[in-house]
Amino acid sequence: MRRPIKIIPRPIEAEARKAQPPDLSPEFREPPVDAPLRFDDVEEQVSLINMALGSPSDLAVRRMSDGVVCLFLSPLVDQGAVRHSLVEPLSRAGWLELQEKSQAARVLPVAGLSEARSLEAAVDRVAEGETALIVHGRPTPYTLDLKGRVARQVSPPISEPSVRGPRDSFTENLSDNLALVRQRIRSRDLRVRELTVGLDTRTRVAVCYLEGRSSPEVVDAAIQRLSAVTAPAVIDSSYLVPYLSKRTWSLFPPAAATERADRACAAIVQGRIVVICDNSPFALVMPIHLATLFQANEDHYNLAIHSFLLRSVRVIGWLAATLAPALYIGIASFNPGILPAHAVMTIASARQGVPYPPVIEVLIMDIALEMLAEATVRLPTYVGGAATVVGGLILGTAAAQAKLVSNVMIIVVALTAIGSFSIPDYQNQLSWRTVRYLFTFSAATLGIFGVSTAGLIILTHTCSIDVLGDSFMSPIAPWRWTSMAKDVPMRVPEPLAVKLTQRQREEEAEGTADA
Amino acid sequence: MRCACRTAAALVLLLLAAPTSGCWDALDIDRRAFIAVMGLDSDVSEEGSRPRVSVMIPAMGMPGEGGAGAGEETSSKVLVVEESGVNVEEAVQRMRSMIGGVIDFSTLQYVVTSKDASPEDLTEALHAIQFTRFIPLTPFVFATEQKAGDLLRAQSPTGRSLIDTLDAIQIQSRLGFGHVQYPGAWETMAMLINKTGDMSLTLVNRTDEGDGLKAVGLAVYDGPKYVGMVVPADALMLHCVARRRYPGGAYLFRGDDRDLLIRIVRARTRVEAGPGDAGVPRFRVSVRMNAALMDSGGYRLPLLNRKKLDELEQVAARDMEDRLGRLLERLKSWNSDAMRLYHEVRVRMPEMSYEDFKEVYPRVEVDFDVSVLLIRTGLLR
Amino acid sequence: MREPYLSWPEAAWLIMQYTVCANYLFMPQLLYSMSGRLSWAIPIVATLPAAAGVWATYYLHTRFPQERLGQFLPRLIGRPLSIVVGGAFILFWLGGAVTNVTVFAHYVSDTAMQSTPVTALVAASALIIVLVSLLGLKTLVRLTDALLYLLAPFLLFALFWPFFGGRIDFSNLAPIRLSDLTADKWRLAGAAAAMYHGYQLVFIAGPALNPPGRGALVAAIAGTLAAVAAFLSFVAMPILAFGWPYANLLTYPAASFLEVVAPRTGLFPIRRFDFALTVLFRNIMIVAAMSYFYSAAQTVSDLVSPSARRIHPWFVIGLGIAMVVSSTAFEGIRTVMQFTGVWVLLGALTTTLTIILAIVARFRASVSGVR
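This structure is a prediction, so every number in the text was calculated from the model and none was measured.

### Some words on the overall build of chain B
Link 1 in the chain: The helix and strand tally for chain B stands at 10 helices and 15 strands.
Link 2 in the chain: Looking at chain B as a whole, 45% of its 381 residues are labelled buried.
Link 3 in the chain: In chain B, 69% of the contacts between residues at least 6 apart in sequence involve partners at least 24 apart.

See the structure below:
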């Protein structure tokens, strides 16, 4: 626990020897040891701030003029802004003209000029990248926002590519990200509420929503939960998810993480809230529904019928990815009579000579597939291609020819892989890849009956999930026909969607939104 | 409390694993012996008749089954096992010591009964099939004049399996004489138990050369007892009446001083029953057919009017009526209600039981009224 | 319940599932044993007692809109009687859950998984039921909603495809003899009174209805009518397809009907159609069994502690274990069918009690619900 900083009078001489400002800028002038220091309160504050920060080597202390000193952490500050906004104006002003904030505001052409409530607060702000301006006669310094950031340029999204649609994505800079949002939503109803989370990282988090479109209860709940974040460090937006959803053990993502600005803005316009975290290129969209996790943003850029086709393909891929191995086990080990006789004989013939039961076949191939997928992600780009080829060879031809697995199993695993990669949201994809193992083990114990049991368990779990008071399975369950008609099986064309949205709002206002 | 509920729910899920982890029914597919066709004969001895069951098991992993690759020998390999027992179940249990694989009837597609199978054995076999778990209700049933076990060993020189051949025979029956229609086992069973008529089963034999199959007609039954056979042309007409809706087949008749062939594309039959003299039911059987006149050896018709076609319609209809009449007389002599006339009697005259009907069956009067709508299609008029 | 969340269409669907459930597996043969070929008329006759039950339930709901059965019974008829009456409902609902789960387990064991112990199959189903009950009524409602997309196409298929598939023959219903219907009047009356009992769900989910009052009535009527169609189909279709007396020989007529209703061609992707549909039907069964079980558990909890917000989790687990243990008392499907005969009588009793309670409430106008 930090102890509050107290100003304790000390012998000036001893203090002068202790303080060793590291900055070597030519403006710095170390006062002669024997000369009397007229601005001892200034030096005291400098010393205290320096000590509170642990005497960092990158702390710059610049004495602008008599009685005026500024401190900042060099890596976090825009040096050009310091020169232009501090050094030049202060070369024409003294400490007397900086006693009141209004005076200081006239002298310093900086928008982010404020008075620190205490020296403690000033230390925190310096740590966050602001510049402290200590003026003789003032008990606490001014702080100025002259932050410079190490940030990359806006670039195309890496994890959510698309054929049609914008190519910009969020970066690690919160301000840039907010700019991307505000460029798209220029409504006066757009609200951005900022908080600071993380005791150590003091990360800025912005909650964006449209007033009148988002539910006030949802917004308040999100703000409250963010305010209650106890994590010492918030390095990425994913750290906030357990606090926002209040589910520590969740199989399915309670929030959609997106690096696409268009997707985040579309969510805001739909009435959801978007949580953007500094230093994280992934914004969180909440509340999220299972149906939404299968929608890609391109669905709204393509024609409605094309979107329907693509969505259907995704659903088929999802079903194949989740159920194909389990169904193979159920049919090959328990209930072969469910298939036409020719298909049964084909599978039986394919399994001739395979030493392992179907469940072991499935596990071998599934785990190999997972390893290949993981390796492809971890390896550098130059080597990744070769690894994919090797993995494909091993998983494919070699395993079948060696009779480790049957040919049918190769087809099953290929279907599984392609199907799982067709799921748009990465976290959703991971969820269903995990669920697949539950289905596999259930099928291994009770066959098709086990698959059905596992399906019911998963369905029960998803039906029990509430995210910020909204059902995860909505609008599928509970029934929200208007909402479902708008964008679940098919994304209706925009004019019709507008009418349906209008009707949906009327129903919600009347309280008849439930079917 | 909500947290406690979720904890309890998690425990419940873990508990789920315990009673369900036995994998009791797990049996790998390649360790099963799938029965595709089952045959039924009777072993007659001094002690009586015992059912003789034969089963056909396609061999797995052999060319010709599951699709042969290019250049591979196309011959279908099958294993036929025969055994007799006091009943069908016992015969099957005896087989279990002869087959390298766990017998699995879930893929059973056909049941063939020899015409010499005793009524008791046939009845008992059908009951056993319907009773037994894992045997579907839907295998097709047909009959043979030969030993069922021999039929199962028929090999096609083209490499097609027995199942494929049987399927193909039925599929193209409507392009042929239309006399092949396999009822499902459950339909056959319904006929035997409900006693709403008598069954008729397609007769399929091995060819004389032993290299294939041929459908030779229809086996007609009185209850479970085989009583006679009708030729393909009669079989077509019998199907049209018995099944009430039939997809048809080719019919040959004499008209305009020549033999003409028509393809019946649709047949709808309506049977009306009513009390006749002395309580003997009287029937009116109306058959409506749509047919197409085929080329018939260079037979040409005027393109601009239908007069000839209308005449031919009448001739064909009369021919069919005569054939139906003769067929009925034969069926009466066999005491077989293969036309399922009683099916209508039980509705109109519910007081008459099936046994009562069979007693008066030789005396029933039936008016056949056939109408044919004939069209002529082809690139020559 | 904090706020109402159950719309009337959802309630209607839940009421239908509550009724239809696994009854398709045992109700047809039960009715066949009573009324033979004319047993298809019983689902129609049963609409009369159902109408009375619906009215009675609706009336009680309007009098006690925010209370469940276990909460308003003591105030209506006093604590001792409430335990007796509540106990009858509890036994009926718990019996329904046990019956559904056990019948289904026996069916699966008889047709698909002969080596798996029936207890294991029962336990698998029972544990899902317990899981849902632990998660609450809201989860149960949502689960039922989600199953609509799976079950509705199947039910529509099962109801309409047979007409196009050429499998059914309406003449199999003839001859119609009224004496068949009334051969066993008492059993017929019991079955008719017990047949449609889904509206009893309002006793449990009434406070969650949005809007309350008229929504309950509409839901009860719609759900019951939908159940009539389903029941009529399950009872009549086997007779139409298999004829009589063949349909009566089948152990599971409705399930066997589903096997033959599949398209004839061997190219159909699923050969054992009944088995694939059994999996889907299982979902019906599980929803109904959940509803029964939850109703029983909630009522017991309400009778013991009317103000408790949630059912204690260990209590639910205990009831679940009791359900599994009691299923082991059945020796084969025959014992289960004998029990269903008793269960049907319990159902008739609960229907009668519902009507009596409504009459009592009518005359005790001073007793009203907590608002």
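### Quick look at the overall build of chain C
Link 1 in the chain: When helices and strands are counted, chain C shows 17 helices and 0 strands.
Link 2 in the chain: Expressed as lengths along the three principal axes of its C-alpha atoms, the size of chain C is roughly 60 × 45 × 35 Å.
Link 3 in the chain: With 371 residues in all, chain C has 60% of them scored as buried.
Link 4 in the chain: Long-range pairs, those at least 24 residues apart, make up 83% of the contacts in chain C between residues at least 6 apart in sequence.

### Brief notes about the interface of chain B and chain C
Link 1 in the chain: Facing 32 residues of chain B, the contacting portion of chain C comprises 33 residues.
Link 2 in the chain: Those elements that place two or more of their residues in the side of chain B that touches chain C are α1 (2-17), α6 (185-194) and α9 (342-348) of chain B.
Link 3 in the chain: Element by element, the count of residues in the side of chain B that touches chain C is highest for α1 of chain B, at 8 residues.
Link 4 in the chain: Along the lines of polarity and charge, the residues of the side of chain B that touches chain C split into 19 nonpolar, 9 polar and 4 charged.

### Looking at the environment of Ala358 of chain C
All names here are of chain C.
Link 1 in the chain: Here Ala358 is to be found in helix α17 (residues 332-363).
Link 2 in the chain: Residue classification places Ala358 among the partly exposed positions, given that 19 C-beta atoms sit within 10 Å.
Link 3 in the chain: Put simply, Ala358 and Ala50 are 308 residues apart on the chain and 14 Å apart in space, counted from C-alpha to C-alpha.
Link 4 in the chain: Apart from the residues lying within four places of it in its own chain, the contact partners of Ala358 are Ala56, Tyr59 and Leu60.

### As for the packing of helix α6 (residues 174-184) of chain A against helix α9 (residues 261-269) of chain A
Residue and element names in this part refer to chain A.
Link 1 in the chain: Between α6 and α9, the least distance of the axes is 10 Å, while the angle of their chain directions is 60°. When the axes of α6 and α9 are compared, the pair comes out oblique. Between α6 and α9 lies a crossing whose hand is right-handed. Between α6 and α9, the residues in contact are Leu180, Val181 and Arg184 and Ala261, Asp262, Ala264 and Cys265, respectively.
Link 2 in the chain: When the residues that make up the contact of α6 with α9 are grouped by side-chain class, the tally is 5 nonpolar, no polar and 2 charged.

### Observations concerning the interface of chain C and chain A
Link 1 in the chain: The interface is formed by 30 residues belonging to chain C together with 25 residues belonging to chain A.
Link 2 in the chain: Of the residues forming the side of chain C that touches chain A, the biggest block, 6 residues, is contributed by helix α8 (residues 137-165) of chain C.
Link 3 in the chain: Its residues assigned to classes, the side of chain C that touches chain A comprises 19 nonpolar, 5 polar and 6 charged.

### Regarding the confidence of the model for chain C
Residues and elements named next belong to chain C.
Link 1 in the chain: On average, residues of chain C carry a pLDDT of 87, and 94% of them reach 70 or more.
Link 2 in the chain: Helix α9 (residues 178-181) is the least confidently modelled element of chain C, averaging 82 in pLDDT, while helix α4 (residues 47-63) averages 95, the highest of any element.
Link 3 in the chain: The ipTM value of the predicted complex is 0.92, and its pTM value is 0.86.

### What about the packing of helix α1 (residues 8-20) of chain C against helix α12 (residues 214-242) of chain C?
Residues and elements named next belong to chain C.
Link 1 in the chain: Where α1 meets α12, the axes come as close as 7 Å, and the angle between the chain directions of the two elements is 40°. Relative to α12, α1 is oriented oblique. For the pair α1 and α12, the crossing hand works out as right-handed. Counting all contacts with α1, which are made through Trp8, Ala11, Ala12, Trp13, Ile15, Met16, Thr19 and Val20, the residues of α12 involved are Gly215, Val218, Ala219, Ala220, Ala222, Gly223, Thr224, Ala226, Ala227, Ala230 and Phe231.
Link 2 in the chain: Looking at the contact of α1 with α12 residue by residue, the class counts come to 15 nonpolar, 4 polar and no charged.

### Looking at helix α2 (residues 40-52) of chain A
Residues and elements named next belong to chain A.
Link 1 in the chain: Between the first and last C-alpha of α2 there are 18 Å, a value that for 13 residues agrees with the 18 Å anticipated at 1.5 Å per step.
Link 2 in the chain: Listed as buried for α2 are Val42, Glu43, Glu44, Gln45, Val46, Leu48, Ile49 and Asn50.
Link 3 in the chain: At the exit of α2 stands Gly54, carrying a positive phi of roughly 80°.

### Description of the nonpolar core
Link 1 in the chain: Residues Val274, Val275, Leu284 and Met286 of chain A together with Ala97 of chain C are the most contacted members of the largest nonpolar core, which totals 348 residues.
Link 2 in the chain: Those residues in contact with Ala97 of chain C that lie beyond four places of it in its chain are Ile129, Ala289, Tyr292, Phe293, Ala296 and Met323 of chain C.

### Here's the deal with the environment of Trp8 of chain C
Residues and elements named next belong to chain C.
Link 1 in the chain: Structurally, Trp8 is set in helix α1.
Link 2 in the chain: In sequence terms Trp8 and Ala112 are 104 residues apart; their C-alpha atoms lie 38 Å from each other.
Link 3 in the chain: Ignoring anything within four residues of it in the chain, the contact list for Trp8 reads Gly215, Val218 and Ala219.

### Quick look at helix α5 (residues 119-128) of chain A
Residues and elements named next belong to chain A.
Link 1 in the chain: Where α5 is concerned, the buried positions are Leu119, Ala122, Val123, Arg125 and Val126. All buried residues of α5 project into a common sector of 165° when viewed along the axis, lining one side.
Link 2 in the chain: Each element contacted by the buried residues of α5 is listed here: α2, β2 (68-73), β4 (131-135) and β5 (142-144).

### Considerations on the confidence of the model for chain B
Link 1 in the chain: Of the residues in chain B, 92% have a pLDDT of 70 or more, and the chain-wide mean is 87.
Link 2 in the chain: Counting contacts from residues 62-75 of chain B, a segment whose pLDDT is below 50, to residues more than four positions away or on other chains yields 26 contacts.

### Details of the sheet that holds strand β3 (residues 113-115) of chain A
Residue and element names in this part refer to chain A.
Link 1 in the chain: Ordered in space as β1-β2-β4-β5-β3, the 5 strands form an open sheet in which the pairing is antiparallel. Both edges of this open sheet fall to β1 (59-65) and β3, since each of them pairs with a single strand only. Direction aside, neighbouring strands of the sheet carry axes that sit 25° apart on average.
Link 2 in the chain: Lying on the sheet, helix α3 (residues 79-90) is in contact with β1, β2 and β4; it crosses β1 at an angle near 30°.

### A look at the sheet that holds strand β6 (residues 190-197) of chain A
Residue and element names in this part refer to chain A.
Link 1 in the chain: Reading across from one edge, β6-β7-β9-β10-β8 is the order of the 5 strands in this open sheet, with antiparallel pairing throughout. Edge positions in the open sheet fall to β6 and β8 (256-258), since each of these has one partner strand only. Taken over all neighbouring pairs, the strand axes of this sheet differ in orientation by 25° on average, direction set aside.
Link 2 in the chain: Pairing geometry for β8 and strand β10 (residues 283-286), over 3 bridges, is antiparallel. Each residue of the ladder has a partner; that of Ala256, found in β10, is Val285.
Link 3 in the chain: Contacts between α6 and the sheet are confined to β6, β7 (203-210) and β9 (273-277), with β7 contributing the most and set at about 10° to the helix.
Link 4 in the chain: Sitting on the sheet, helix α7 (residues 216-227) is in contact with β6, β7, β9 and β10, with an inclination near 175° to β7.

### Some words on the pairing of β10 of chain A
Link 1 in the chain: Residues Ala283 and Val285 of chain A line one face of β10 of chain A and the alternating positions Leu284 and Met286 of chain A line the opposite face, and both faces are buried.
Link 2 in the chain: Between the antiparallel neighbours β9 of chain A and β10 of chain A lie 5 residues, among them Asn279 of chain A with a positive phi of about 70°.

### Observations regarding unusual backbone geometry
Link 1 in the chain: The omega torsion of the bond from Ser474 of chain A to Pro475 of chain A falls at 0°, within 30 degrees of zero and hence cis.
Link 2 in the chain: For the bond from Asn210 of chain C to Pro211 of chain C, the omega torsion is 0°, close enough to zero to count as cis.
Link 3 in the chain: Here Pro211 of chain C is to be found in the loop between α11 (202-205) and α12.
Link 4 in the chain: One non-glycine residue, Lys403 of chain A, lies in the positive phi region at around 60°.

Criteria and thresholds
- Residues numbered from 1 in each chain as written.
- Chains lettered and ligands numbered in written order.
- Predicted model: local features only at pLDDT ≥ 70, side-chain atom pairs only at ≥ 80, totals over all residues.
- Helix = DSSP H or I, 4+ residues; strand = E, 2+ residues; numbered from the N terminus.
- Buried ≥ 20, exposed ≤ 12 C-beta atoms within 10 Å, placed from the backbone.
- Contact = placed C-beta atoms within 7 Å.
- Nonpolar A, V, L, I, M, F, W, Y, C, P; charged D, E, K, R; others polar.
- Axes fitted to C-alpha atoms, helices over the stretch in contact; angles between N-to-C directions.
- Parallel < 35°, antiparallel > 145°, perpendicular 65-115°, else oblique.
- Left-handed = near helix turned anticlockwise from the far one by under 90°.
- pLDDT = per-residue confidence, 0-100.
- Expected span 1.5 Å × (residues − 1).
- Core = buried A, V, L, I, M, F, W, Y, C linked by C-beta atoms within 7 Å.
- Arc of directions from axis to C-beta.
- Pairing = 2+ DSSP bridges.

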